[in-house]
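# Summary of structural features
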Amino acid sequence: AAKYGKDDFQKLITWKEGAPVPYALLADTFEAIAETTKRLEIVALLVSAFRAVLASHPASLLPTVYLCVNRVAPAHTGIELGIGEATLIKALCEATGKNEASIKKAYEGSGDLGVVAVGARSTQRTMFTPPPLTIASVLKSFRDIAQTAGSKSVDHKKGMIVKMLAAAKGNEAGYIVRSLQAKLRIGLAEQSVLVALAHAVQLHRHGADNDTGRLAERLEAAAQVVKQAYSECPSYDILIPALLEHGTADLPQHCHFTPGVPVKPMLAKPTTGVGEVLEKFTDSEFTVEYKYDGERAQVHVLDGGKTVHIFSRNSENNTPKYPDIVARIRPLLKPHVRSIVFDSEAVAYDHDKKKILPFQVLSTRARKDVAVGDIKVQVVLFAFDCLFLNGESLLHKPLTERREALYSALETREGELQFASFKTSRDVEELESFLTESVEAGTEGLIVKTLKDTYEPSKRSSHWLKLKKDYMEGVGDTFDVVPLGAFYGKGKRTGVFGAYLLGIYDPDTETYQTISKLGTGFSEEQLGQLADAMRPHIIQQPRTFYRWSDALEPDVWFDPAAVWEVKAADLSISPVHKAAAGLVDPSKGISIRFPRLIRVREDKSPEDATSATQVAEMFSNQAVIRRQQADKAKAD
Ligand code: ATP
């Protein structure tokens, strides 16, 4: 028999060798992960779970990974969990025989339906014992639930949930309920899952040798390969079978960029002026493009233009939102193009004035089931990169070649599809005036790209730098922060939140760290809207992966749910805030002063928030600039 679990917190789970792995293994692993804040421990727990799966029933690995990342399918398929509370409460009543009032009361007490589900189960007696849940059966039910549509779908979903809950034992019901809500929130980030996956596969295939130094190296190399493969092809449906069959060494040949599977965008680092750009790129040739302010559109064209998909920054399928774009692509393909994937920005456009319009105009455009005839906000596409052409991935080619490919493959038409405006120059004055020109043309500024480097999906690369005209003196960019908590309003603001506690994300420690309190600059209407948007995310306790100070304890805590773009005056070392703690000062964090909300970033998820490293880099940039300014003042 296969078995799993040995430590104090885990019970021993046994099952038939070669049979689907019990869900209990995963529920116990989740429980252990939720209890630790140490990333290495989290990875170790996952590695041992994955190895148990690999050793006994490798086909359970794919469902295991999906359940760990709390998804049922790749992001671009749009198949998502997120069952509402009302349905879950009803299902809990039916599965446990309790009435709605008592479930609701328990929910009010704990604020966590998962806890309610576990508590309700322990008093429940059943007539017969359903077979234990398996990892594969739970994922299958989740998928069925996510894909059920139509008039009777709510009842149907509820029925499937009741069945699962009736079979759940011990802590299982809790994780089932939280997963269905898409709120697993045990502090398990996707990067840890990828690292653990790489380690587990490597150890399973090659075992551990006696030389621990070499082993650590091998595991690190395997993790890099898996992370790279997933960034080029973010689909576990492709990654995991390839890993199982070929291991990590040959993975790049079997899991690589694939049309139809969108990659996350390559991102730029902020800079504070042309001088800094020239300094950073002393030895590299670069080109400078307008940074358009719209919505990222990664366009995948197949079958000579018969199939066109448009994906957002977050890999959502935006094809139904842009039927106008879809219709214009085919006539603009040059005759030799059978397939192409290009990156572009969709920007609102005024055809009469031949002018691009601000992002705010684009944001009023309908999102779903758009009919071409109903479209009020017209858009133009500015193409700036080419990732794939006629069966060949160009991700590993230099920008010069990718640009040539782009220009060779598409016709342009004013107001429909244009190439991003660019300039190639090293002259300070020329670059300064191009920056001014870009802002006058209604863009965010410039993005500076080295010509010889490859496309690095989902990476904030030092090969791309951004130069915004409205940069705050010495800071260089806005911040994408996550509201982690809020303070009740007083006076006029009673009933809404008067201020918010903001955090950034540190992917290295997988923690959210506070950076500021935001309490000014809102309109009353905006305060109401923000409060309405955040209330459903209130949690009873701060998450174990939050870092904050008791000196600034909010009245309510939120799950990481929203991303807000804020502008700030400057960064300073803070006795209170925890952002980038340990990176600049050994113990103190960094805070931003006088934050102002610019917009809610619906196209970003909390893990895309500004990172701790970025905050530290911006702090250092600011120090350099201040020194330069002081030196200049002295010289003058
Ligand atoms: P934001 O999205 O708020 O600008 P960010 O830090 O998340 O901030 P950046 O690195 O600043 O992202 O910019 C990358 C994004 O800029 C791309 O995803 C794309 O949507 C947009 N963009 C607009 N014009 C260009 C361009 N010429 N080249 C590359 N990206 C561009």
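Residues numbered from 1 in each chain as written. Predicted model: local features only at pLDDT ≥ 70, side-chain atom pairs only at ≥ 80, totals over all residues. Heavy atoms only, no water.

### Some points on the packing of helix 1 (residues 23-34) against helix 2 (residues 39-56)
At a closest axis distance of 9 Å, the pairing of helix 1 and helix 2 adopts a crossing angle of 170°. Looking at the two axes, helix 1 sits roughly antiparallel to helix 2. Contacts between helix 1 and helix 2 involve Leu 25, Thr 29, Ala 32 and Ile 33 from the former and Ile 42, Leu 45, Leu 46, Ala 49, Ala 52 and Val 53 from the latter. Partitioning the contact of helix 1 with helix 2 into residue classes produces 9 nonpolar, 1 polar and no charged. (Axes fitted to C-alpha atoms, helices over the stretch in contact; angles between N-to-C directions. Helix = DSSP H or I, 4+ residues; strand = E, 2+ residues; numbered from the N terminus. Parallel < 35°, antiparallel > 145°, perpendicular 65-115°, else oblique. Contact = heavy atoms within 4.5 Å. Nonpolar A, V, L, I, M, F, W, Y, C, P; charged D, E, K, R; others polar.)

### Topic: the nonpolar core
Within the largest apolar cluster, 91 residues are counted, with the highest numbers of intra-cluster contacts made by Tyr 23, Phe 50, Leu 180 and Leu 239. With 10 residues, the top contributor of residues to this core is helix 2. In contact with Leu 239, other than residues within four places in its own chain, are Leu 194, Leu 197, Val 226, Ala 229, Tyr 230, Leu 251 and Cys 255. One finds Ala 486, Phe 558, Ala 562 and Ala 568 within the second-largest nonpolar core, a separate group that totals 32 residues. (Core = buried A, V, L, I, M, F, W, Y, C linked by side-chain atoms within 4.5 Å. Buried < 20%, exposed > 50% of the residue type's maximum accessible area, 1.4 Å probe, protein only.)

### A word on the site of the ligand
Close contacts around the ligand come from 19 residues, with Lys 291, Glu 345, Lys 466, Arg 601 and Lys 604 the closest. Within the contact set of the ligand, a nitrogen atom lies 2.9 Å away from a backbone nitrogen or oxygen of Tyr 290. Taking 610 Å² as the accessible area of the ligand by itself, protein coverage stands at 95%. In terms of residue class, the shell around the ligand is built from 8 nonpolar, no polar and 11 charged. (Near = heavy atom within 4 Å. Polar contact = N/O pair within 3.5 Å; in protein donor to acceptor, adjacent residues only side chain to side chain. Areas by Shrake-Rupley, 256 points an atom, 1.4 Å probe, with all protein chains shown as cover.)

### Some details on the packing of aromatic side chains
Using the criterion set out here, one finds 22 aromatic pairs in the structure. Geometrically, the ring pair formed by Phe 497 and Tyr 500 is edge-to-face, given 5.8 Å between the ring centres and 75° between the ring planes. Overall, the relative accessible area of 0% leaves Tyr 500 in the buried class. Geometry around Tyr 66 places Arg 143 over its ring, the cationic atom sitting 5.1 Å from the centre. The positively charged end of Arg 178 is found above the aromatic ring belonging to Tyr 175, 5.2 Å away from the centroid. (Phe/Tyr/Trp six-rings, centres within 6.5 Å; stacked < 30°, edge-to-face > 60°. Lys NZ or Arg CZ within 6 Å of the ring centre and 35° of its normal.)

### Regarding the pattern of salt bridges
Across all of its chains, the model carries 35 salt bridges by this definition. In this structure, Arg 601 engages Asp 603 in a salt bridge whose closest nitrogen and oxygen atoms are separated by 3.0 Å. With a relative accessible area of 21%, Asp 603 lands in the partly exposed category. Members of the salt-bridge network, linked through shared partners, are Lys 291, Glu 444, Lys 466, Lys 468 and Asp 477. (Salt bridge = Lys/Arg side-chain N within 4 Å of Asp/Glu carboxyl O.)

### So, a nonpolar patch on the surface
Together, Ile 573, Leu 583 and Val 584 make up a nonpolar patch on the protein surface, roughly 220 Å² of accessible area in all. By secondary structure assignment, the location of Ile 573 is in strand 22 (residues 570-574). (Patch = residues over 30% accessible without salt bridge, like charges linked within 9 Å, V, L, I, M, F, W, Y side chains within 5 Å.)

### Section: the environment of Phe 128
Examined against the element boundaries, Phe 128 turns out to sit in the loop between helix 6 (113-122) and helix 7 (135-147). Taking the C-alpha atoms as reference, Phe 128 lies 10.0 Å from Ala 167; in sequence the two are 39 residues apart.

### Regarding the sheet that holds strand 12 (residues 422-423)
Ordered by their spatial adjacency, 5 strands build an open sheet running 3-14-13-4-12, and the pairing between neighbours is mixed. Unpaired on one side and paired on the other, strand 3 (267-270) and strand 12 mark the two borders of the sheet. Pairing geometry for strand 3 and strand 14 (residues 460-468), over 4 bridges, is parallel. The residue bridging Leu 267 from the neighbouring strand is Arg 460, located in strand 14. Along the sheet, helix 17 (residues 399-409) makes contact with strand 4 (286-291), strand 12, strand 13 (445-450) and strand 14, crossing strand 4 at roughly 50°. Strands strand 4, strand 12, strand 13 and strand 14 of the sheet are contacted by helix 18 (residues 428-440), whose axis makes an angle of about 130° with strand 13. (Pairing = 2+ DSSP bridges.)

### Observations regarding the confidence of the model for the protein chain
For residues with low pLDDT, the predicted coordinates do not support detailed interpretation. Confidence along the protein chain averages 92 in pLDDT terms, with 97% of residues attaining 70 or more. Confidence metrics for the complex model read pTM 0.88 and ipTM 0.97. (pLDDT = per-residue confidence, 0-100.)

### Thoughts on the pairing of strand 13
Here strand 13 lies mainly inside the structure; 6 of its 6 residues are buried. With 6 bridges connecting them, strand 4 and strand 13 associate as antiparallel partners. The residue bridging Phe 286 from the neighbouring strand is Thr 450, located in strand 13. Pairing geometry for strand 13 and strand 14, over 5 bridges, is antiparallel. The residue of strand 14 that forms the bridge with Val 448 is Leu 465.

### Comments concerning a negative patch on the surface
A cluster of like negative charges, contributed by Asp 427, Glu 429, Glu 430 and Glu 432, occupies part of the molecular surface. Structurally, the position occupied by Asp 427 is in the loop between strand 12 and helix 18. Judged by relative accessible area, which is 37%, Asp 427 ranks as partly exposed. (Lys, Arg positive; Asp, Glu negative; His and termini not counted. Charge placed at Lys NZ, Arg CZ, Asp CG, Glu CD.)

### A look at the environment of Glu 411
Of note, Glu 411 is situated in the loop between helix 17 and strand 11 (417-419). Using a relative accessible area of 35% as the deciding quantity, one classes Glu 411 as partly exposed. Through-space distance from the C-alpha of Glu 411 to that of Ile 329 is 9.4 Å; in sequence the pair is 82 residues apart. Discounting chain neighbours no more than four positions away, the residues touching Glu 411 are Leu 332, Lys 334 and Leu 417.

### Observations regarding unusual backbone geometry
Positive phi is not limited to glycine here, since Ser 458 has a value of about 55°. On the basis of relative accessible area, Ser 458 is assigned to the partly exposed category, the value being 40%. A positive phi is found at Phe 594, a non-glycine position, where the angle reads about 50°. Considering the arrangement of structural elements, one finds Phe 594 in the loop between strand 23 (589-593) and strand 24 (596-600). Overall, Phe 594 belongs to the exposed group, its relative accessible area being 57%.

### A short note on the packing of helix 7 against helix 8 (residues 153-167)
Each pair of packed helices gets described by two things: the angle between the helix axes and the distance between those axes. Remark: helix 7 packs on helix 8, axes separated minimally by 9 Å, with the N-to-C direction vectors making an angle of 165°. Classed by the angle they form, the pair helix 7 and helix 8 counts as roughly antiparallel. The way helix 7 lies across helix 8 gives a crossing that is left-handed. Residues Val 138, Ser 141, Phe 142, Asp 144 and Ile 145 of helix 7 lie in contact with helix 8, whose contacting residues are Lys 157, Met 160, Ile 161 and Met 164. Across the contact of helix 7 with helix 8, the residue classes tally to 6 nonpolar, 1 polar and 2 charged. (Left-handed = near helix turned anticlockwise from the far one by under 90°.)

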